[in-house]
Amino acid sequence: SQKIEQNSEALNIQEGKTATLTCNYTNYSPAYLQWYRQDPGRGPVFLLLIRENEKEKRKERLKVTFDTTLKQSLFHITASQPADSATYLCALGLYGSNYQLIWGAGTKLIIKP
Amino acid sequence: SAVISQKPSRDICQRGTSLTIQCQVDSQVTMMFWYRQQPGQSLTLIATANQGSEATYESGFVIDKFPISRPNLTFSTLTVSNMSPEDSSIYLCSVSTSNYGYTFGSGTRLTVV
């Protein structure tokens, strides 16, 4: 069966450390993968997109890796801050689908001061 | 990127009634997307709304239950009809942006009693 998985348990990280979130998928051939941030009571906010032929993408303190062999993406936040606390969602964009994304359920990240 | 105004932000409705959710975008967009997000679960695409044509519904969603209007390139509505407690969820509208990410409205938290 096809599925996309993110750790359902909250991730607790000490401020200043690197937070690493995981997105695993099975039986998909994605064209790209996206990461979003969602705060309580708000819609998701787009952070980064990485294509299937890219290994790594960076934006400020954020880094995303994409391993199509392992069928996994890692999302890193370096020098984490309490303001980074939120739920982070990954979403796959598939070949042949111009717009439809396959969403993970998200991982809640808590950065402790 | 586009800015979306979505309303209402929340509502509590009686079963058997209908609620119309509105999304206004500050720029013209070809496609608008309507999602449902249940607590702790991934986003599920309900339908895609194109201006000047009928919306395209995903498997499990039908027009009679979720009628959509798209009168122009900046506005869309989603109606949740004949509501039951199972319709309690967060409803989100979304548009694609030039960098392939998606911009979301702030969501409508619907509770059916």
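Above this note sits the structure.
Trainee: Would you mind going over the sheet that holds strand β8 (residues 75-80) of chain B with me for this structure?
Mentor: Strand pairing in a sheet is mediated by backbone hydrogen bonds. Such pairs are either parallel or antiparallel. All names here are of chain B. With respect to topology, four strands assemble into an open sheet ordered β1-β3-β8-β7, the strand pairing being antiparallel. The sheet is open, and its two borders are formed by β1 (4-7) and β7 (68-72), each paired with just one other strand. The average undirected angle you get between the axes of adjacent strands in this sheet is 15 degrees. Of the pairings in the sheet, the one linking β7 to β8 comprises three bridges and is antiparallel in character. If you follow N72 over to β8, its bridge partner there is F75.

Trainee: Would you take a moment to explain the side chain of A:Q6 for this structure?
Mentor: Residues and elements named next belong to chain A. Tracing the backbone through its elements, the reader meets Q6 in strand β1 (residues 3-6). Classification of Q6 by relative accessible area gives buried; the value is 11%. Within the structure, Q6 has its side chain in polar contact with the backbone nitrogen of C90 (distance 3.0 Å). Of the polar contacts made by the side chain of Q6, one reaches the backbone nitrogen of G106; its length is 3.0 Å. Look past the residues within four positions of Q6 in its chain and what remains in contact with it is T22, C23, W35, Y88, L89, C90, G104, A105, G106 and T107.

Trainee: What is the right way to look at the interface of chain A and chain B in this model?
Mentor: Often, the extent of an interface is quoted as the loss of accessible area on bringing the components together. Counting residues at the interface gives 18 residues for chain A, matched by 19 residues for chain B. One can count zero salt bridges joining chain A with chain B. Scanning the region where chain A abuts chain B turns up three residue pairs in polar contact (both at pLDDT 80 or more). Within the residue set of the side of chain A that touches chain B, elements represented by two or more residues are β4 (30-38), β5 (45-51) and β10 (101-103) of chain A.

Trainee: Sorry, what's going on with the nonpolar core here?
Mentor: Looking at soluble globular proteins, one finds that nonpolar side chains tend to be buried together. With 26 residues, the main nonpolar core has B:W34, B:I46, B:F66, B:I68, B:L78, B:Y91 and B:L110 as its most contacted residues. Those elements giving two or more residues to this core turn out to be β3 (19-25), β4 (31-37), β5 (43-50), β8, β9 (89-96) and β11 (108-112) of chain B. Examining the composition of this core, we find that four residues originate from one element, β3(B), more than from any other. Core analysis: the next-biggest nonpolar cluster, separate from the first, contains 25 residues, A:Y28, A:C90, A:L92 and A:I102 among them.

Trainee: Sorry, what's going on with the environment of A:P113 here?
Mentor: All names here are of chain A. Within the element layout of this structure, P113 appears in the segment after β11 (107-112). Taking the C-alpha atoms as reference, P113 lies 34 Å from R51; in sequence the two are 62 residues apart. With residues up to four places along the chain from it excluded, the contact list for P113 reads Q14, E15 and P82.

Trainee: Explain the packing of aromatic side chains to me, please; I cannot follow it from the model alone.
Mentor: Describing an aromatic ring pair means giving the distance of the ring centres and the angle of the ring planes. Residues and elements named next belong to chain A. Counted according to the given criterion, the structure contains 12 aromatic pairs over all chains. Where F75 meets Y88, the ring centres are 5.3 Å apart and the plane angle is 35 degrees; that geometry is what we call tilted. One end of the pair, F75, is in strand β8 (residues 72-77); the other, Y88, is in strand β9 (residues 86-94), with 13 residues separating them in the sequence. Considered together, F75 and Y88 belong to a single accessibility category, that of buried residues.

Trainee: Could you clarify how one ought to interpret the pattern of salt bridges in this entry?
Mentor: When their charged atoms lie close together, side chains carrying opposite charge are able to pair. All names here are of chain A. A complete count under the given rule lists six salt bridges over all chains for this structure. Of the charged contacts in the structure, one is a salt bridge between E5 and K3, with a shortest N-O distance of 3.4 Å. By relative accessible area, which is 40% here, E5 ends up partly exposed. Among the residues examined, K3 registers a relative accessible area of 39% and is labelled partly exposed. Close ionic contact of R58 with E56 constitutes a salt bridge, the shortest N to O distance being 2.8 Å. Take R58: its relative accessible area is 57%, and that puts it in the exposed class.

Trainee: Got a minute to help me understand the environment of A:Y32 in this structure?
Mentor: Residues and elements named next belong to chain A. Secondary-structure assignment places Y32 in strand β4. Residue Y32 is classed as buried on the basis of its relative accessible area of 8%. For the pair Y32 and L92, spaced 60 residues apart in the sequence, the C-alpha separation amounts to 6.1 Å.

Definitions and cut-offs
Residues numbered from 1 in each chain as written. Chains lettered and ligands numbered in written order. Predicted model: local features only at pLDDT ≥ 70, side-chain atom pairs only at ≥ 80, totals over all residues. Heavy atoms only, no water. Pairing = 2+ DSSP bridges. Helix = DSSP H or I, 4+ residues; strand = E, 2+ residues; numbered from the N terminus. Axes fitted to C-alpha atoms, helices over the stretch in contact; angles between N-to-C directions. Buried < 20%, exposed > 50% of the residue type's maximum accessible area, 1.4 Å probe, protein only. Polar contact = N/O pair within 3.5 Å; in protein donor to acceptor, adjacent residues only side chain to side chain. Contact = heavy atoms within 4.5 Å. Salt bridge = Lys/Arg side-chain N within 4 Å of Asp/Glu carboxyl O. Core = buried A, V, L, I, M, F, W, Y, C linked by side-chain atoms within 4.5 Å. Phe/Tyr/Trp six-rings, centres within 6.5 Å; stacked < 30°, edge-to-face > 60°.

What is shown is where atoms sit, not what they do.
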